[in-house]
Each structure stands twice: as structure tokens, then as C-alpha cells.
Amino acid sequence: MGFADLLEEVGGFGRYQWLHVTLISLPGLLMASQNLLNNFVSGIPGHHCSLPANHSHYNLSQYQVEEKEFIKAFIPMDSSGTRLDRCKRYVEPQWQLLVPNNTANLSQLQTEECLDGWTFEKSEFFATTVSEWQLVCSLRPLKQMIQTIYMGGVLTGAIVFGGLSDRFGRRSVLIWSYLQLGILGSSSALSPSYTAYCIFRFLSGMAVSGIILNGVSLKVEWIPTKERTLVGTLSSFFFTFGQMVLAGLAFWLRDWRKLQLVACAPMFLFFTYSWWYVESARWLVLNRRSEEALKSLHRVARINGKPEVVDKLTLEVLHSHMSKEIESSRSKFTAYDLLRTRGMRRISICLVAVWFSTSFAYYGLAMDLQKFGVSIYQIQIIFGAVDFPAKLMALGMLTYLGRRVSQAACLFLSALIIFTNIFVPTEMQTIRTILACLGKGFTSASFTTVYLYTGELYPTIIRQEWVLSPPWQGLAAWQLLLSSCWTRYSLLCPVWYMGGRRCWPAASPASCQRR
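Computed from a prediction, not measured in an experiment: that's the story for all the values here.

Quick look at the environment of Tyr362 now. You can see Tyr362 is positioned in helix α18 (residues 342-366). Spatially, the C-alpha atoms of Tyr362 and Gly439 are 8.3 Å apart, while their sequence positions differ by 77 residues. The contacts of Tyr362, once residues within four sequence positions are left out, are Phe239, Gln243, Asp387, Lys440, Thr443, Ser444 and Phe447. A distance of 3.4 Å separates polar atoms of two side chains, one belonging to Tyr362 and the other to Lys440.

What follows is the structure, encoded as C-alpha cells:
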């Protein structure tokens, strides 16, 4: 007898659970926007050095060329010879370059940096942080620094809010996280400077961690065990659909301040209805608040159409069902317990390798969409759409093949596809994009599998205390932080896969099975 039996008595997966899961999953539509927002908010428009302040004095008509060609007298072509150089201009105008069939030696022409700033195209973006604060050329690393700082906030939030949820409850911290993201995320749209924007993004990242961690915990702790696989997979579609919503919003607005505001303002709506949530009864009991837990269970029973349970479910019945959990909660476990025994060490090391390779490859592909050479809006929609069949495939594999085979297959196929993409010539852009989409699909399926597998590989008490707790989720966030720093090296994920694959056979005996 345990808490799972109590959930069955109050209606199992009934009306309350449907409402509960739906309302907590709805913010997932915008969680994708938060994680991938930098693709559009800090998109790099086409640009070149601004022309000298006195360039308007030159008579354009005497050269009988269009203004687009006129610029070539001031701006050299880049190494590919197909577009204007983005970071250099000629020291003096080179009028001879406007003459057809000229024989000028371009290598001997003197160039200089963009002393008058840059001119940005507005065909793809109207305004981004890059164009507003001119984060190009020598300042381009500051563009990626925004995402790195955001992921640093995710890491910090995993530690801070995870610890607070153990002390104050999942519901309270989740409500606060909605409010924090709503206020600070919306405030970032009004940032007067790059520094202010980075600070707001860091604090927003903390709130995102609070929403994801406590939302998952609060959702799972009210769902019967047998429904968790299906519910977990289906609720992840909110995040998947959110990727497509992000593409639509970004295409419609094309202004980073408006997009930032629209992506964060709905958090006030989620904050408003989150007061309806019921605190985890299990957490209440383990924190010596059994009367509140009993009231919560009675409320859930009534919503599920089980009013007769209210009279039968008393404090004595509640304590008898959860006596083992109450007793085990008195023993405190630390992160060292994840490494204490040989079997636990193998499990933990394997999971670190799998989490790292999956997140490294996934965000390495998803965080720099402009490198694919096609419309950033189209590739975002495609990347979002490919997750639907990928997650359905993962659900089928988990049901019929089991966790271990599913995890290994998803990792192997994603590694194979991404590794193959290395050898495809850059001229074959369509094939490279197709392979990237397939690779992202399998890494998405790997994410779905490892979320479930992680919880099931550990003994119950350690799973409850640590697998869904701040240190483990902080490790996942730290891996995402590395991914944001080195997305260009995400193709190295097959190496991590091979390291993790050696561990799986050793981590699969009975000692690793769910207990």
C-alpha cells in the first residue's frame, strides 16, 4: 500500500487529473519560445559597413550605376565573392570598380574597419538585439553570450527553486515562477542596454527552471504510475507545438521587443489560474501537514466524482497507506548516494553521458538556425513539426521495445545521421537540412525516453529525493549551458554516444531495474 493506491481510490486518472495536466502543460507552449527565443530576438540580419558620412556628396548619375552597385566602390566583397564583406570597407572609394571589365588588383586595395557603424537589412528582421546594439564582427561573441547567460539562469534556477520547492512546496514555487517570468520577461522587452537585457534574461532563465521543474513534479505526483508514460509523452507535445508557435509569432512581429513581450506576457494568465492548483498531497504528508493533504485528496475525490471516498479517507487511512514513505523520508539521502555502490555509479555515469549527448546535439542543432542557409522561419516550423512523429515513434518504441532498446536506438540513429552530415558538401544544402531535421527528430525522441528512463533506473526513495530534485536537474541545465557555449561543436555527440553506449550493458542487470 502506498500513495499510488490512494490516487486510485480518489479516482485514478479522472476529471481532476485531466484538468490538472492540461493547465500545467499549457505554459509549455511558451517554454519553447523561452529556450529558442535567441534565434529570433538575436537574429543576425544581412549587414555591411555604413558608408562614409560624405558619401551622399558623390554624384551617382555620372557613373550610370544603381545604388546597389555603387556600394561596391566603398565595400569589398567577402572571400566567397557573392556578397559584400560584413566587417571591412575601403579606406578610399574605388571608382574603378564601377567600370565594366575592370582589371583592378583587389588584394592591394587598403581596407579598414567599420568606423561609422553598420547598415542592416530589414528583409528578414525589422529589429534585433544584434542590429540595435551592433553585435557583429568583433562584438559577435556578445550575441551568443546572451544565450549562455540565459542558460546560466536556468542552471541557477534549477538549484535555487528546486531547493525552495522542497521547503515551501511545488505549488507555491510554481506560482511565483509564473509571476517572475511574466514581470522580468516583459521587462526585458524594455531593456535600455545590452547589460540590462542580459540581467533580465538570466532572471528569466531562473523562472523557466522553476516552471519546468515544479510543473513536472506537481503534475507527476498527481498521476497514477501506469498513466505516466502516456501522459508524459503527450504533454510534451505542448513544447513541440510551441516551437511552431514561436516561428509564427517571430514571422508576424519581426521586432525583438514585441516578440519578447508577446512570449512573456501570457505568464500573467498562467499566474492567475495557477491558484487553482492543488498542492502535492504526498509532499504535504512527508512535511507533517497531513490535515492539508487530506483536504487536498478530498477535493480531488469530489472533482473526480467520488464523494463517497471523502467519508472513508481519514487521517488514519492516509498514514497507514504512506507509513513506509513517511519512515523512509526520515533518512536523508545526498548526491553521494548516486555514486555509493558500483551499480549506482554505472547508472549515474551512463545517464550523464546520455543527457549530455542528447542535450548537446539537440540544442546544437536548434540554437543556430541561420547556419542552414534557408528561411529561419521555415526551418523553425520544420524543426518543430519533425518532433511530432519522433515523439509518437518514441511512445511506440517505449511500449513495445522497452526503455533500454529505445534509448540506445534513438542515440545511435541520431549520432549516425548527424555524423553523416559532416561529410555532405555545403553546396548540397537541401540534403544537409533534411539530415539535420532527421537528427533533431531522433534526439527529440531520445529526450522523451531519457526523461522517463532516468526516473525508473533508480530505487524509489532516491528517485523521489534526487532524480527530480535540484542537483540532477541542475546537472541537466549545466549541460545545456555547455551546449549554448559550443553549439558549433555539437556534431561531436557521436563520441559521447559511444562512451555512453559502453555503459548501458553494465547498467541493465536487475540492480538497475525499477524497484
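Note on placement: Lys440 falls in helix α22 (residues 429-457). With a relative accessible area of 0%, Lys440 lands in the buried category. Ignoring sequence-local partners within four residues, the contact set of Lys440 consists of Gln243, Tyr362, Leu365, Ala366, Phe383 and Asp387.

Scanning the model with the defined rule gives two disulfides in all. The disulfide partner of Cys49 is Cys114, and the gap between their sulfur atoms is 1.7 Å. The S-S bond linking Cys49 to Cys114 shows a torsion near -55°; that makes this disulfide left-handed. With a gap of 65 residues between them, Cys49 in strand β1 (residues 47-49) and Cys114 in the loop between β3 (111-112) and β4 (118-120) connect regions that are remote in the sequence. Taking relative accessible area as the criterion, Cys49 reaches 0% and is therefore assigned buried. Between the sulfur atoms of Cys87 and its disulfide partner Cys137 the distance amounts to 2.0 Å. Its S-S torsion of approximately -100° makes the covalent link between Cys87 and Cys137 left-handed. Here Cys87 is found in the loop between α5 (67-70) and β2 (89-90), whereas its partner Cys137 is found in the loop between α6 (129-133) and α7 (141-168), with 50 residues between them in sequence. Overall, the relative accessible area of 24% leaves Cys137 in the partly exposed class. Along the chain, the cysteines engaged in disulfide bonds are linked according to the scheme 1-3, 2-4 when indexed in sequence order.

Calculation notes
- In every chain, residue numbers begin from 1 and rise along the written sequence.
- For a predicted model such as this one, the threshold for reporting local features is a pLDDT of at least 70, and the threshold for listing and counting side-chain atom pairs is 80 or more; totals across whole chains, interfaces and linings nevertheless cover every residue.
- With hydrogens and water set aside, each side-chain value is computed from the structure's full complement of heavy atoms.
- What counts as a helix is a DSSP run of H or I of at least four residues, what counts as a strand is a run of E of at least two, and both are numbered from the N terminus.
- Contacts are assigned to residue pairs that have any heavy atoms within 4.5 Å of one another.
- Here a polar contact is taken to be a pair of N or O atoms separated by no more than 3.5 Å, where protein atoms must pair a possible hydrogen donor with a possible acceptor and residues adjacent in sequence count only if both atoms sit in side chains.
- Each residue's exposure class comes from its accessible area (1.4 Å probe, protein chains only) as a fraction of the maximum for that residue type: buried when under 20%, exposed when over 50%, partly exposed otherwise.
- Criterion for a disulfide: a pair of cysteine sulfur atoms at a distance within 2.5 Å.

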